[in-house]
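Summary of structural features
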Amino acid sequence: NAGVTQTPKFQVLKTGQSMTLQCAQDMNHEYMSWYRQDPGMGLRLIHYSVGAGITDQGEVPNGYNVSRSTTEDFPLRLLSAAPSQTSVYFCASRNRGSENSFFGSGTQLSVL
Amino acid sequence: QQPVQSPQAVILREGEDAVINCSSSKALYSVHWYRQKHGEAPVFLMILLKGGEQKGHEKISASFNEKKQQSSLYLTASQLSYSGTYFCGTDMYSGGGADGLTFGKGTHLIIQP
């Protein structure tokens, strides 16, 4: 099993550009989530999903969109990138009833 | 509200003990501990539930004082592999995984030979 796979690992964008961070899991987990990690700030929840077709906002959702058309995939979209979105982004998944979340290896995003 | 972790950083010699604290201003249902090595993803260590149930990982243990809304992570006889940043995540509701947590800013632990 690959676990949670994030692509790309690194990305540089110009202000105003759009892009999608990909997240896929092969563990048939119902719950998936996106975090951003900034120096000295810890992990902050952006959006999460409790199943296909269901998404909700986390602590810092502004500037990001998500969708969950399948159990396996949970892409994060930046519609118009801003320098404040420079961060490391992590995707995580878990099973219903399990407290153990599995994280992907992260995407380092720089917005110039 | 983000839990407060202390200390922010600690440097130990291999074999020494360390305690990392996590406190919240709100009543908690559970506290989760994760470890992240530099450049890697966070890895789940353990969860402490209201009512005293505890699950462990490796040789690291933890406590949860519900009344004080505090948790402590104990690393005894530290090994080089324990180096990393430790995060606590607090959950006010039952059944939450990482998607229901509010994480602290982390404690950097450096183990020297």
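Look a little higher up for the structure.
Residues numbered from 1 in each chain as written. Chains lettered and ligands numbered in written order. Predicted model: local features only at pLDDT ≥ 70, side-chain atom pairs only at ≥ 80, totals over all residues. Heavy atoms only, no water.

Residue and element names in this part refer to chain A. If you walk across this open sheet you meet the four strands as β1-β3-β8-β7, and the pairing is antiparallel. Both edges of this open sheet fall to β1 (4-7) and β7 (64-66), since each of them pairs with a single strand only. Mean inter-strand twist for the sheet, computed between neighbouring axes without regard to direction, equals 20°. Alignment of β1 against strand β3 (residues 19-25), held across four bridges, turns out to be antiparallel. Considered in β3, the bridge of V4 is made with Q25. (Pairing = 2+ DSSP bridges. Helix = DSSP H or I, 4+ residues; strand = E, 2+ residues; numbered from the N terminus. Axes fitted to C-alpha atoms, helices over the stretch in contact; angles between N-to-C directions.)

Time to look at the pattern of salt bridges. Residues and elements named next belong to chain A. Scanning the model with the defined rule gives two salt bridges over all chains in all. Between D38 and R36 there is a salt bridge; the shortest N-O distance is 3.0 Å. Ionic pairing is found between R44 and D38, a salt bridge with its closest N-O pair at 2.7 Å. Residues R44 and D38 agree in their burial class; the two are buried. Via salt bridges that share partners, R36, D38 and R44 belong to a single interconnected network. (Salt bridge = Lys/Arg side-chain N within 4 Å of Asp/Glu carboxyl O. Buried < 20%, exposed > 50% of the residue type's maximum accessible area, 1.4 Å probe, protein only.)

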